[in-house]
Every structure is written in C-alpha cells, then in structure tokens.
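Single-letter residue listing:
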Amino acid sequence: MTSPPEPAVELARRLRELREQSWENPLTQRELARVFSGSVPLISSWESLRSPTVPPAERLLAYAAFFATPRSIERSPYRILTNEELTPDERARRDGLERELLEARGRALRQLDDPSVHRVPARGPWDGLGGPWQFRDGKPVTLVCSERPREHTEPLPTPDNPDLFYNSLYSYSDLDALMELYGHIRAVNPAISVGYRKANELQPDDYTTHLVLLGGIQWNVATRVLLERSEVPVTQVSPPGGRAEYQVKDDSGEVVAYRADYFENDLVTDVGHFFRTLNPFNHRRTVTICNGITSRGVLGMVRALTDERFWDRNGVYLKDGFTGWRSYSVLTRVRIVDGAVLTPDWTDPDTRLHEWRAHPVRPGVGEVRGLRR
C-alpha cells in the first residue's frame, strides 16, 4: 500500500492539475506567469513534485479566482475577474477552491515545520517580535476586561471606603492576563495608543478601535455582544448550578462539549479559546477574544502569544494555518500544574481541540492589479 503524498507535493500536484486540466486547452506555465506577473521558474517551483515551494496565500486566492471561470481566458491578455464580474455559480466555485488551496497550504507549511525538514522562513506580516499582536496600521488598541462582582472584592478596599490603599485595578477581572498582554502590546507597538477599560465603562469611540476582549460571557458583556455578532461555531455555556463548558457544532449539526478537568477540587486542565475577526463596528479594525472556562484559560490564551518560549512557534502556526482568512479561532487545552498555568503549544496536536476559519481575504481590483506589477 502506497503512502499518501506529502502535503507540499499534494499542493504542487493540484496546482499543476488546475493549469493543465481546468479547460479544454491546457495553459502553459508562461501564460500563467503573465497572469500573475511572475516568471516561469516561479510557477515551476510551485508545481515541482521533487522540491515544491509553497506559494503565498494571496497567490492561491488569485489561483482560485482565475480558475473559477473559463471567462478568465475569453480574451487576451488573460485576466483575473473581480468579485463583481463573477456569477453566483462562479463565486461558489471560487470559494470552494479558496478553501481547498488555503487548507492545503496550511498542511504543507505544518509539514515543513518538521525539524527534520530544512525550511527557509518566509517573510510575512506576522514576522518579527510582535507576531499577531503587532498592529501595523498604527491605530489604537483597547483591552477590555469585565468588572469583578462586588462580592468578590468585599475583603479589599473600595472607592467608597476611606482606606488609602484602594486601587482601581482591584475591580478588574483577569488581571494577570491584562497585565501580561498590556505590557506585551505596548512593547511591540511603542508608537500607538494602547488602553484598557472594564466592559461596563467602554465609551462609543472605544468600540471602533482594535478590541482585545479578555474573559467570557458570564462577566464580560462586550465578549457576549461580539460573539453574538459572529458566526464562530464555538459557544461558551454556563448552566446555572453547573460547570461551564465550550460547545462546538460540527458540519453535521452534532454538538461536542469540552470541559475543564479537575482532580478532586484542583483544576488540572482548562479550555481556552483564541478568536480573531473583523470588528463589526469598524471593518478596518479587529476583534480578538482570549477566553477560557476559568481565568486560567484566559491567561493561557494570552501567554500562547506573549511567552518568549512559545510566541514564535505559535505565531508561525497561526500565520501558516490562517493567513488569508478574515476570521479564525483555536480551541485549546491549557494545562495547570500546582496552580501554575503552562503555556499551550499549538504545534502539538494534542493541545488543539478545534480549529475554524472563514471569509478568505480575496484580492480586490487594486490587489489584483498589484499582482500584475
């Protein structure tokens, strides 16, 4: 029995198949190179079955749009049709090709992460110290926590107490995660405004910044509102009198539950959720949610991309698997040893419980033209 082809070779074979078999007359590599304003050696490297080069995500999106319709080659020079020019059936074919090619790219890059395979790191928007927490547009970032219920802070000084040792941060939940992430984002974005607020103190202008939400639906109303406006198939459920859990609905409609694990009364494994999408109140900004069943899971999601021992590999994992998608999420185990949170390693398949991605970033007219320069 023959073994399945390696992911990078499988992608290369699929790209060659699209060029040679999509239409009655096969395209040459030279003809395709003209469409992408590339070169024959570049196209050849993507199709090589001996030593394939994995194409950038934006080039695979261009492949999907180009091979979605034979109208791409109706006249010379061949071209990539815009979204508005495609029919509903052509858009459906493009969408299917986008999912297929981007997922194949993610598998290929994860295979190349194998330490036994030499890999030249690709330069990309997530390279460098900042990783996903580097906001390259220079626009403000607002970190949002929930307010701890008063009964949880009663032993501590309060604003209406004359105690001189009162501090407003006493009322913030997920304070460990807030301080860890605030310092990291400030360090890698020294020129932008980074603030933090409790969810019940958000101002109208705050909602249109890059939002980073810490904590779950029980206390953080902002997390609840933003999740309700998304289509991520991951739901946090907190039944009265029961322990909270995450529920994931698969394509068949079946719901799978993920819960924290306890040994006697000690928490040994939490479940964390990292979710990023466009800000529904300002599509030029983002919303990122770092959540967990408990505060330990929230901290684990933050440390996945701030811990100096893991942020690089986890950042590369996100870049390789989710570049080209506007919305994505990772549901993760977060292990706790003697009360200490261990940073999750997303390159370990036993750590990842569920992944989701949606809404590929398609080249618009300007971006398509950019491929041709």
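The structure this text deals with has already been given above.
Report on the accompanying structure. (Residues numbered from 1 in each chain as written. Predicted model: local features only at pLDDT ≥ 70, side-chain atom pairs only at ≥ 80, totals over all residues. Heavy atoms only, no water.)

Observations regarding the overall build of the chain
Basically, it comes down to this: Helix and strand assignments follow DSSP, with helices taken as H or I runs no shorter than four residues and strands as E runs no shorter than two, numbered in order from the N terminus. In this description, contact between two residues means that some pair of their heavy atoms is separated by no more than 4.5 Å. Accessible surface is estimated by sampling points in the Shrake-Rupley manner with a 1.4 Å probe; for residues, cover comes only from the protein chains shown.
Counting secondary structure elements, the chain contains eleven helices and twelve strands. Here the analysis covers contacts within the chain between residues at least 6 apart in sequence; of these, 67% occur between residues at least 24 apart. If you sum the accessible surface of the chain, you get close to 19300 Å²; carbon and sulfur atoms cover 48% of it.

Concerning the nonpolar core
Nonpolar side chains tend to gather and get buried jointly when the protein is soluble and globular. Our working rule: By convention a nonpolar core is built from buried Ala, Val, Leu, Ile, Met, Phe, Trp, Tyr and Cys residues, the set being connected through side-chain atoms within 4.5 Å. Residue exposure (1.4 Å probe, protein chains only): buried if accessible area is under 20% of the type maximum, exposed if over 50%, otherwise partly exposed.
W133, I185, L214, F274 and W346 are the most contacted members of the largest nonpolar core, which has 55 residues in total. No other element matches the five residues that strand 10 (residues 325-337) contributes to this core. With residues up to four places along the chain from it excluded, the contact list for W133 reads L181, H184, I185, V188, N189, V212, F274, R276, T288, C290, L305 and T306. Among the nonpolar cores identified, the runner-up in size contains 26 residues, and W23, F36, F67 and L101 belong to it.

Quick word on helix 9 (residues 295-303)
Stated precisely, the cut-off is as follows: N or O atoms closer than or at 3.5 Å make up a polar contact, with two conditions inside protein: a donor-capable atom paired with an acceptor-capable one, and, for residues adjacent in sequence, both atoms drawn from side chains.
Counting buried positions along helix 9 gives seven out of nine residues, so the element sits mostly inside the fold. Here the buried face of helix 9 lies against helix 7 (175-188), strand 3 (210-214), strand 8 (266-279), strand 9 (282-292), strand 10 and strand 11 (340-341). Capping the start of helix 9, T294 holds a side-chain oxygen 3.1 Å from the backbone nitrogen of R296, two or three residues further along.

Digging into the packing of helix 7 against helix 9
Keep this limit in mind: Note on geometry: axes are C-alpha line fits, over the in-contact stretch for helices, and angles between N-to-C directions span 0 to 180 degrees. Each angle receives one of four descriptions, namely roughly parallel if under 35 degrees, roughly antiparallel if over 145, roughly perpendicular if within 65 to 115, and oblique otherwise.
Following both chains from N to C, one finds helix 7 and helix 9 inclined at 10°, their axes separated by 8 Å at the closest point. On the basis of their axis angle, the class for helix 7 and helix 9 is roughly parallel. Here helix 7 contributes D176, A177, E180 and L181 to the contact with helix 9, which in turn contributes R296, V298, L299, V302 and R303.

Some remarks on helix 1 (residues 7-21)
Operational definition: A helix is expected to span 1.5 Å for every residue after the first.
Its 15 residues place the ends of helix 1 20 Å apart at the C-alpha level, agreeing with the 21 Å of an ideal helix rising 1.5 Å per residue. Looking at helix 1, one finds that the buried residues are A8, V9, L11, A12, L15, L18 and R19.

Quick notes on unusual backbone geometry
Geometrically, the link from S76 to P77 is a cis peptide bond, its omega value of -5° lying close to zero. Looking at the secondary structure, you find P77 in the loop between helix 4 (57-66) and helix 5 (88-112). The backbone of H359 shows a phi angle near 60°, a positive value even though the residue is not glycine. Residue position: H359 is located in strand 12 (residues 352-360).

Topic: the sheet that holds strand 5 (residues 245-249)
Just so we agree on the cut-off: Each pair of strands is called paired provided DSSP finds at least two bridges between the two strands.
The strand order across the open sheet formed by three strands is 4-5-6, and the pairing between neighbours is antiparallel. Of all the strands in the sheet, just strand 4 (234-237) and strand 6 (255-259) have a single pairing partner and so form its edges. If you compare each strand with its neighbour and ignore which way they point, the axes differ by 25° on average. Judged from the four bridges that link them, strand 4 and strand 5 form a sheet pairing that is antiparallel.

Overview of the pattern of salt bridges
Which entries qualify depends on this criterion: Basic side-chain nitrogens of Lys or Arg form a salt bridge, by our definition, when they fall within 4 Å of a carboxyl oxygen of Asp or Glu.
The full count for this structure, using the stated rule, is 20 salt bridges. A salt bridge links D307 to R303, with the nearest nitrogen and oxygen atoms 3.3 Å apart. What emerges from the salt-bridge pattern is a single network uniting R16, R19, E20 and E47.

Read these as geometric descriptors, not functional statements.
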